[in-house]
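A closer look at the structure
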Amino acid sequence: MKAVSFETLKDLNQHDGGLNSTEIDAQRTRYGANDIVEVAGHPLLELFIDTIKDPMIWLLVGIGTIFLITGEISDAITLFVAVLPLLLMDAVLHWRTQASTASLKGQLSSVVQVLRNAKEIEIDSREIVPGDIVILKPGLLLPADGVFETAKDIQVDESVLTGESLPITKKALSAHPFSFVSEQETKIPPQTLGYAGTRVLTGQGFLRVLFTGSRTSYGEIVQSVARMPHERTPLQKSISKLVQFLILAAIAFCFLLAGIRIYQGHGWLDALLSAATLAVAAIPEEFPVVFTFFLGVGIYRLAKKRALVRKAVSVENIGRITQICTDKTGTITVGSLKLTHIDVMNGTTEEIVLRAALVASSSESDPVDIAIHEVSDQRNLGNPVRLQTMPFTEDRKRETGVTAVSSESTLICVKGAPELILTLCQLSSDEREAWHKRISSWAKEGHKVIGCAQVKVPSAPSYQEPESGFKFLGLLAFEDPARPEVAEAMSYCRKNGIRVLMITGDHPDTAAAIAKDAGLADSPQVVSAEEHPEKFEEVWLTQNPDFLKNLNVVARCTPLQKLRIVTALKRAGELVAVTGDGVNDVPALKAADIGIAMGERGTRSAKEVSSIILGDDNFRTIVNAIREGRQLFKNLQMSFEYLLLIHIPLVSAAAIIPLADYPLVFLPVHIVWLELIIHPTALLAFQAQAKSDQMYSGNKKTFFSTTEIVLISIVGLGLTVGLGWSFLSGLSEGTDLTHARAKAMALLTLWSAGVAVYLTRFHSSIANFLAIATVLSSVLLIQMSASLMFLKLSPLHPRDWLEISGLVALLLSIAWALKRIFLERRGQRPASLKDRFPII
């Protein structure tokens with residue numbers, strides 16, 4: 001007996017027609033939505049908090065306040081006004097990310113039938129409240145914990161909670177649930193309880209809901225998982241290290257610059273302004289902002305390709321996947337079985353189909369049973385009355401049905417894995433060997449094969465499933481061909497170093513035939529986990545780490561063995577994506593780096609633990625998601641390269657020139673101007689789309705190799721020298737300081753435009769537009785600076801513009817030449833100058 005509290009029903013009236021509207025509202029107020037993991041917080045408040053986290057905004061406000069205190073009213077107003085567009089950009093970015101996440105919630109819910117206001121209606125499972133009456137039918141995943149008020153032939157799979165492979169027979173509570181409301185706890189039979197996350201296999205009835213959301217048994221498990229710390233991805237770790245390094249370097253330079261400026265006799269205000277300006281220029285707040293924005297773009301693009309992302313970081317992770325563990329049925333194959341061949345030993349073809357139909361479930365969740373019923377209906381064989389059923393489970397690999405033959409005898413029929421069915425039957429060794437060959441023959445042609453058998457027993461009130469004595473009827477062979485588009489996806493995986501392992505419960509020969517048809521391998525390496533279970537023990541896999549690397553297919557695999565395979569692959573250093581659709585796939589989905597649930601046939605529990613949900617259950621969609629993830633990495637790489645090529649000269653010039661006892665190169669208003677250029681360029685210019693024939697260089701865990709960092713540093717320091725030359729030449733020309741600063745600003749803004757088109761090779765219309773806009777706005781503002789006093793610049797001569805343009809072209813040519821040398825040493829074909837700049 002199990003102690004249960006019925007306190008959630010105490011404020012309700014007993015209604016046979018379910019809750020009324022007033023009670024529903026009261027229960028929802030009291031217990032909230034039926035969410036396993038509750039998401040708290042106010043969206044607008046979170047948006048405001050995320051927006052004001054930007055350190056640059058606070059630095060600019062701080063500098064403006066200093067200007068205000070010291071009487072520099074015009075400079076203070078300029079900075080305060082300049083902060084507004086930065087605030088707006090940050091707010092729009094965070095709003096878009098928030099909106100992308102919120103849009104996923106509605107697609108992850110399931111629909112259930114309930115009895116409310118004396119009517120049967122369909123509602124979202126999140127709307128279930130304690131006291132609701134859920135209408136039960138085969139295939140339903142229970143949305144909450146409760147007791148069975150009525151139960152007719154109900155059997156439930158509770159393996160997700162208990163690990164018990166056999167179905168559990170349920171029965172109705174002997175008394176009405178409302179009769180126990182006054183008691184603190186009541187001991188009731190466990191067979192009368194239903195648990196969220198478990199699946200109804202057979203029967204019909206009503207479940208009175210007692211507990212919802214995190215108060216359910218399933219919710220407690222998920223909550224414990226949700227409280228586990230989330231491991232950061234290598235890309236996040238790389239960004240964190242880069243940002244920490246740049247921040248520490250900026251802080252050190254700020255203190256050094258402030259001290260030296262005071263030592264040089266420039267006064268504390270100049271020292272403070274110098275340090276603050278350098279801090280604004282040096283703080284790398286764009287890097288995490290760009291990363292977050294690109295993840296949002298990745299989520300949107302994957303959704304368009306029918307891959308729904310539940311965890312944003314999986315957009316980055318999936319681009320680094322090196323191993324895919326995939327199901328066969330419905331993912332690699334079409335998923336629509338047809339009964340095409342009937343191989344008879346005893347009886348007739350009609351008799352075998354009739355016996356198989358007796359055992360087959362009437363639900364529309366099993367493609368084998370659907371195909372059997374289709375043939376039975378086409379031949380008008382009728383529907384025999386079932387006295388009892390024992391549903392299919394992974395451990396038994398068969399299902400059984402009982403029907404009456406006469407008042408004195410009963411027929412027990414069984415269908416399932418043909419090798420197992422043969423062990424239950426009375427056959428000679430020669431007959432057994434002959435049928436094994438028939439099974440292998442059908443399987444090698446890519447057919448899914450099941451065996452059928454029957455045994456006659458005396459009539460009885462109930463029946464146990466016999467373990468022997470059956471008469472073998474024959475085989476049913478089904479066709480489920482490989483999806484035609486999968487071959488191209490497999491080819492992409494081979495070319496890009498992604499290994500694919502098909503894990504299936506089917507016969508080894510069937511799996512091998514499908515693997516060959518799908519292009520997984522010309523001669524697939526197949527191992528049956530049923531024939532060699534010792535090879536899928538954790539100890540054996542640990543001692544033989546290369547075993548799985550040579551396999552293409554694991555057949556007759558159980559959920560526990562699948563979990564061990566995934567764990568072993570991760571232990572070997574692979575980044576593993578796993579597909580799954582059922583409750584039994586949950587452990588493997590949870591253990592994978594990327595768990596991919598099936599959107600069409602996947603259970604709620606599989607979807608809840610997955611990172612990505614496929615809208616079409618297609619293997620090609622997985623590969624398309626990988627393409628997008630890898631393109632995301634490349635786009636991020638270009639964006640970060642752009643940021644470094646701008647920040648290195650900006651920060652270096654802002655630090656080194658004042659250290660040499662020269663005036664400040666950049667004022668805070670100039671930094672704001674540059675940020676208004678850098679932010680949109682970094683976010684929008686590098687959003688190339690993934691291409692179907694695109695190759696990828698490998699599983700990079702860092703942004704840049706050592707050689708790439710050296711190249712970026714050389715080019716960045718080259719522009720630093722160029723900035724110093726422009727600034728000092730402006731000072732030496734006898735004009736005022738505003739002219740020197742104008743030359744430095746012109747060089748840096750034109751450099752920003754040049755780097756954008758250099759990295760995208762003129763292939764990005766957005767990058768081209770931003771580059772043109774940057775050049776035109778810079779020329780316009782600098783040439784009009786005489787009337788725009790707050791910029792503290794002066795117009796440049798045509799000769800100055802020619803010098804600056806030539807310097808930008810020279811540095812970009814050096815960058816191209818260095819990159820060419822680097823690629824040639826690695827044996828790769830470098831882009832020609834015409835490839836890099838198609839317009840020349």
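The sections below set out a description of the structure shown in this document. All values derive from a computational prediction rather than experimental measurement.

Here the focus is the overall build of the chain. Check the secondary structure of the chain and you find 27 helices and 23 strands. Looking at the chain as a whole, 53% of its 840 residues are labelled buried. Total accessible area computed for the chain in this model is approximately 36,700 Å², and 58% of it derives from carbon and sulfur atoms.

The subject of this paragraph is the pattern of salt bridges. One pass over the full model with this rule turns up 25 salt bridges. A salt bridge links Asp 132 to Arg 116, with the nearest nitrogen and oxygen atoms 2.6 Å apart. Linking Asp 132 in the loop between strand 3 (119-124) and strand 4 (133-136) with Arg 116 in strand 2 (residues 111-116), this pair joins segments that are 16 residues apart in sequence. Like Asp 132, the residue Arg 116 is buried in the burial classification. A salt bridge links Asp 506 to Lys 328, with the nearest nitrogen and oxygen atoms 2.7 Å apart.

The geometry of helix 22 (residues 668-684) relative to helix 24 (residues 737-760) is characterised by a closest axis approach of 11 Å and an angle of 5 degrees between their N-to-C directions. Between helix 22 and helix 24, the angle is such that the two are roughly parallel. The residues of helix 24 that touch helix 22, namely those facing His 670, Trp 673, Leu 674, Ile 677 and Thr 681, are Arg 741, Met 745, Leu 748, Thr 749, Ser 752 and Ala 756. Counted by class, the contact of helix 22 with helix 24 contains six nonpolar, four polar and one charged residues.

This brings us to the pairing of strand 14 (residues 398-404). Most of strand 14 is tucked away, with six of its seven residues classed as buried. Relative to strand 14, strand 13 (residues 388-390) is paired through three bridges, and the arrangement is antiparallel. Among the inter-strand pairings, Gln 388 is bridged to a residue of strand 14, identified as Val 402. For strand 14 and strand 15 (residues 409-416), the ladder comprises seven bridges, and the chain directions are antiparallel.

Moving on, we get to the sheet that holds strand 15. One open sheet holds the six strands; their spatial order is 12-17-16-15-14-13, and the pairing between them is antiparallel. Both edges of this open sheet fall to strand 12 (338-344) and strand 13, since each of them pairs with a single strand only. On average, adjacent strands in this sheet sit at an angle of 20 degrees to one another, irrespective of strand direction.

Attention now moves to the side chain of Arg 398. Assignment of secondary structure puts Arg 398 in strand 14. Of note is the side chain of Arg 398, whose polar atom sits 3.3 Å from the side chain of Glu 465. A polar side-chain atom of Arg 398 sits 3.1 Å from a polar atom in the side chain of Glu 467. Leave out the neighbours within four places in its chain, and Arg 398 touches Pro 391, Phe 392, Thr 393, Val 414, Lys 415, Gly 416, Leu 420, Ile 421, Leu 424, Glu 465, Pro 466 and Glu 467.

So, about a nonpolar patch on the surface. A cluster of nonpolar side chains, namely Leu 68, Ile 73, Ile 77, Phe 80 and Val 81, defines an oily patch on the protein surface of about 430 Å² accessible area. Counting residues per element, the nonpolar patch draws most heavily on helix 4 (residues 73-105), at four residues. Tracing the sequence through the fold places Ile 73 in helix 4. Judged by its relative accessible area of 43%, Ile 73 is partly exposed.

Reading across the sheet, the eight strands line up as 10-23-22-21-11-18-20-19 and stay open at both edges, with mixed pairing between neighbours. Either end of the sheet is taken by a strand with one partner, and the two such strands are strand 10 (307-309) and strand 19 (526-528). In this sheet, neighbouring strand axes are inclined to one another by 20 degrees on average, regardless of whether the strands run parallel or antiparallel. In terms of strand pairing, strand 22 (residues 594-598) meets strand 23 (residues 612-614) through three bridges, oriented parallel. Directly across from Ala 597, in strand 23, lies its bridge partner Ile 613.

Below, the discussion takes up the environment of Pro 138. Counting through the fold element by element, Pro 138 comes out in the loop between strand 4 and strand 5 (145-157). Along the sequence, Pro 138 and Arg 199 sit 61 residues apart, while their C-alpha atoms lie 8.0 Å from each other.

This part covers the packing of aromatic side chains. In the structure shown here, the tally under the stated rule is five aromatic pairs. Ring centres of Phe 6 and Phe 180 lie 5.2 Å apart, and the angle between their planes is 40 degrees; this geometry places the pair in the tilted category. You can see Phe 6 sitting in the loop between strand 1 (2-4) and helix 1 (21-31) and its partner Phe 180 sitting in the loop between strand 6 (168-169) and strand 7 (186-188), a full 174 residues away along the chain. Between Trp 435 and Phe 472, the ring centres sit 5.1 Å apart and the planes meet at 70 degrees, which makes this aromatic pair edge-to-face. In this pair, Trp 435 is assigned in helix 14 (residues 429-444) and Phe 472 in strand 17 (residues 471-479), connecting sequence segments 37 residues apart. Residue Phe 472 is classed as buried on the basis of its relative accessible area, which comes to 1%. Taken together, the aromatic side chains of Phe 536, Trp 540 and Phe 547 make up a single cluster linked through ring pairs.

Rules of the game
Residues numbered from 1 in each chain as written. Predicted model: local features only at pLDDT ≥ 70, side-chain atom pairs only at ≥ 80, totals over all residues. Heavy atoms only, no water. Helix = DSSP H or I, 4+ residues; strand = E, 2+ residues; numbered from the N terminus. Buried < 20%, exposed > 50% of the residue type's maximum accessible area, 1.4 Å probe, protein only. Areas by Shrake-Rupley, 256 points an atom, 1.4 Å probe, with all protein chains shown as cover. Salt bridge = Lys/Arg side-chain N within 4 Å of Asp/Glu carboxyl O. Axes fitted to C-alpha atoms, helices over the stretch in contact; angles between N-to-C directions. Parallel < 35°, antiparallel > 145°, perpendicular 65-115°, else oblique. Contact = heavy atoms within 4.5 Å. Nonpolar A, V, L, I, M, F, W, Y, C, P; charged D, E, K, R; others polar. Pairing = 2+ DSSP bridges. Polar contact = N/O pair within 3.5 Å; in protein donor to acceptor, adjacent residues only side chain to side chain. Patch = residues over 30% accessible without salt bridge, like charges linked within 9 Å, V, L, I, M, F, W, Y side chains within 5 Å. Phe/Tyr/Trp six-rings, centres within 6.5 Å; stacked < 30°, edge-to-face > 60°.

Purely geometric stuff here, so don't read any function into it on its own.
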